[in-house]
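Now for the letters of each chain:
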Amino acid sequence: MGLRRWSALAVALALAASAPARARTTLTLGVEAEQDRAVARAPTSLRSALTGSLTALYDDGRTLRLMGAVHAVRDREAPERDRIGIREISGQIGIGDVELRAGRQFIRWGRLDALRAIDPFRRRDLADPLDDADESIWAASATVYRGGYAIEAVWVPFFQGDRIPYDPKSPWCYFPGQTVGEGGQVVAAVYDEGRVRAPGDGVAGSEVGLRIDASPAGYDLGLSFSRAAERIPATFAVVGTSWTEDGALRATVDPSYATCWMAGIDGAWPLGDGTVRAEAALLAPAQGDARGHFVRGGVGADWPFDGLVAGRTVDLFVTYAFDGGSGRRGAYVGEGILATPDCYSHPFRHAVVARASMAASSTLALEAETLRDLQAGDAMLSCAARWSPANGLEIEGELRWVGGPDAGFLGRYDAYDTARLRARYAWSTSLPD
Amino acid sequence: MRTPWAAILVVVLAGTTVERALAAEPGDGDPREWMDRIQTEAAGPDERVEATMVLIEADGSRRARTTTMYQKDIAPGRTARRTEFSSPPEMAGSALLAIENLDRPDDWWIYLPAYHTTRRIAAANRGETYMGTDFSYEDLTDMDLGSYRFAWIGEEILEGVGCRLLEARPATEEERAGSLYGRRVYWVEKGKPVWRKVVLYGRDGSPLKQATNTSPVTSGGRLRWDITEMRDLASGHATRIEVRARRLEPLPERLFTERSLRRPG
């Protein structure tokens, strides 16, 4: 048999082996309405948003999985949140022991339930930093599964920073809404994003990571290494000012980003009815950043308490996190530097997050969560109820209290105790094979 | 060319085992051996099942979830099971992986797309409700036979089919403390290594749940059921699993790893 015939046979066998057993294509349409209102000192509407989404997923069950999601957001109260575009689009193909995945996707590393030390490819939406929302990132990854190990290599081809609010009307904007003008009078300030000073252009700005996962003898262990950008700017440099027609100072700021080396270890293991998780990472800023290396870490546990409330099980999650990088950026504030948003990338030096959740019935879930800064003393507490009266429909009410010293990350939002009402409906259908 | 004697032997022996199982009468043999046969029959080779889970409230109202379940024997006596939800939309993308172990508690992981992360969950927590259904995590894995005592306790005709009643009770302190159930009674179909009904009793002896299997089919020489219903006897709530498609096909081992639970969508 000639080489060509062998090749044809090999291709035919490969195709037969990878032929979809029963492929599935699912389309999901979603709509969400949300109203947020500050209810404390100065009651005001914070968010009045309508979101629409369309998600398509193709899955052959064994080899190929493709998904794309687009969304459109219109927020009457916070126009900075408006957007229309791709939320996620990626494809995954599995060949033997290897899985390849590329596209705009979410890549989360680490194991803690909150405040992870090892999460270099996470991109955030800081339009409301208390929401702790993720943004997808363009990346490619390859994972090799061999002998109980999963070895994943990640490549992020170009720099993508967190979404940062520049509108000082937003309570979550880092910049002051007023400044001192010529003659000493207080004037309103507005901000424009100038040139993004990324860690590098093209390939020089790309990020790489390697992660090894194993689950030997009843516990999980992960080793992570990365050279990745910090997605919060290291500095905001004011590169130009002008006056608007209504007398406000317009400042153009250039965000400048740094790169960080990271080596980390994480693990999870069962303990009684619960699970313990831990992470530790050594981070070393690169590219002439004089902050030097620092350590981040944390430990967490989750535990179910049977029959604690009305005979129901309450799941409790507790995480303690330490960030040695907190407060280190103060040295970089200088002339022409507006400030450095250290609070976003290192919001706490010592912090605890605790969450309790309970299924009150088959349609009602209750959750309470608190985040406490152990150093500055500021804190947040939220209580939420989610009711799902029908398939695809979810109605959620939440109350959130924030308070404490202004020096703390949470304390700065002291005036924004919030009541939130959300309604979501999603409808999905599977297309014929 | 070498004759694949080993492969032929495996096929013959497997056939012999099934024939023996089919020929023998439950009640004639060791009840533990019968439970072993039942679990072996249910495990089987690589299998992919598409099913609809219908949650039935006590008032009769229903909510449906669509799932794909994958099963693979990863080592002798060790089965890995992976379940993915594709609807309703709020659950789409959620996945669960369970790997049975012989010498230590099973491994469990859950993937929730909202967090983009896989989490290990404690096997000791197996009494917890599985994704809002009437199944607990414990219901979805095989019994560790060494931790149970088995006995034949009677016979009964169930919907016209002769069954013998096989009782299983935890035999170790660890199992007594860790299991939701103090006793299980299986209606084993005469002549077949399958059960048609099981009643699960609490540690206090009261009946907690009842599962029934209906619509038998043969898939790849294995006995299977297209409808399984688990009913909570106290609340009247039930979960019914209706199989839409079933395929025996080789599945890659990577599907049964913690890391692979994290997938697009």
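These figures come from a predicted structure and were not determined experimentally.

Caption draft 1: Representation of unusual backbone geometry. Backbone torsion omega between Ser87 of chain B and Pro88 of chain B reads 0°, so that peptide bond is classified as cis. For Pro88 of chain B, the location among the structural elements is in the loop between strand E3 (78-87) and strand E4 (95-99). At Ala217 of chain A, a residue that is not glycine, the phi angle is positive and equals roughly 50°. Mapped onto the elements, Ala217 of chain A comes out in the loop between strand E12 (207-214) and strand E13 (220-229). Its identity as a non-glycine residue notwithstanding, Ser215 of chain B has a phi of 60°, on the positive side. For Ser215 of chain B, the position within the fold is in strand E11 (residues 207-219). With a relative accessible area of 33%, Ser215 of chain B lands in the partly exposed category.

Caption draft 2: Structural context of the packing of aromatic side chains. All names here are of chain A. Applying the stated criterion to the full structure yields 13 aromatic pairs over all chains. With a centroid separation of 5.9 Å and 50° between ring planes, the pair formed by Trp172 and Tyr416 is classed as tilted. Remark: Tyr416 occurs in the loop between strand E24 (393-403) and strand E25 (418-431) and Trp172 occurs in the loop between strand E9 (149-156) and strand E10 (178-180); sequence separation between them is 244 residues. Given the relative accessible area of 6%, Trp172 is considered buried. Taken together, a centroid distance of 5.7 Å and an interplanar angle of 85° make the contact between Phe409 and Tyr413 edge-to-face. Tyr413 shares its class with Phe409; the two are buried.

Caption draft 3: Broad picture of the interface of chain A and chain B. With 63 residues of chain A in contact, the opposing surface of chain B contributes 42 residues. Buried surface at the junction of chain A and chain B, both sides included, amounts to about 4300 Å², of which 41% is carbon and sulfur. Across the contact surface, chain A and chain B share nine salt bridges. Among the salt bridges present, the one from Arg254 of chain B reaches Glu99 of chain A, with a minimum N-O distance of 3.5 Å. Across the contact surface, chain A and chain B share 21 residue pairs in polar contact (both at pLDDT 80 or more). If one sorts the elements of the side of chain A that touches chain B by residue count, strand E4 (residues 83-95) of chain A sits on top with five residues.

The rules behind each value
Residues numbered from 1 in each chain as written. Chains lettered and ligands numbered in written order. Predicted model: local features only at pLDDT ≥ 70, side-chain atom pairs only at ≥ 80, totals over all residues. Heavy atoms only, no water. Helix = DSSP H or I, 4+ residues; strand = E, 2+ residues; numbered from the N terminus. Buried < 20%, exposed > 50% of the residue type's maximum accessible area, 1.4 Å probe, protein only. Phe/Tyr/Trp six-rings, centres within 6.5 Å; stacked < 30°, edge-to-face > 60°. Contact = heavy atoms within 4.5 Å. Buried area = accessible area lost by both parts, 1.4 Å probe. Salt bridge = Lys/Arg side-chain N within 4 Å of Asp/Glu carboxyl O. Polar contact = N/O pair within 3.5 Å; in protein donor to acceptor, adjacent residues only side chain to side chain.

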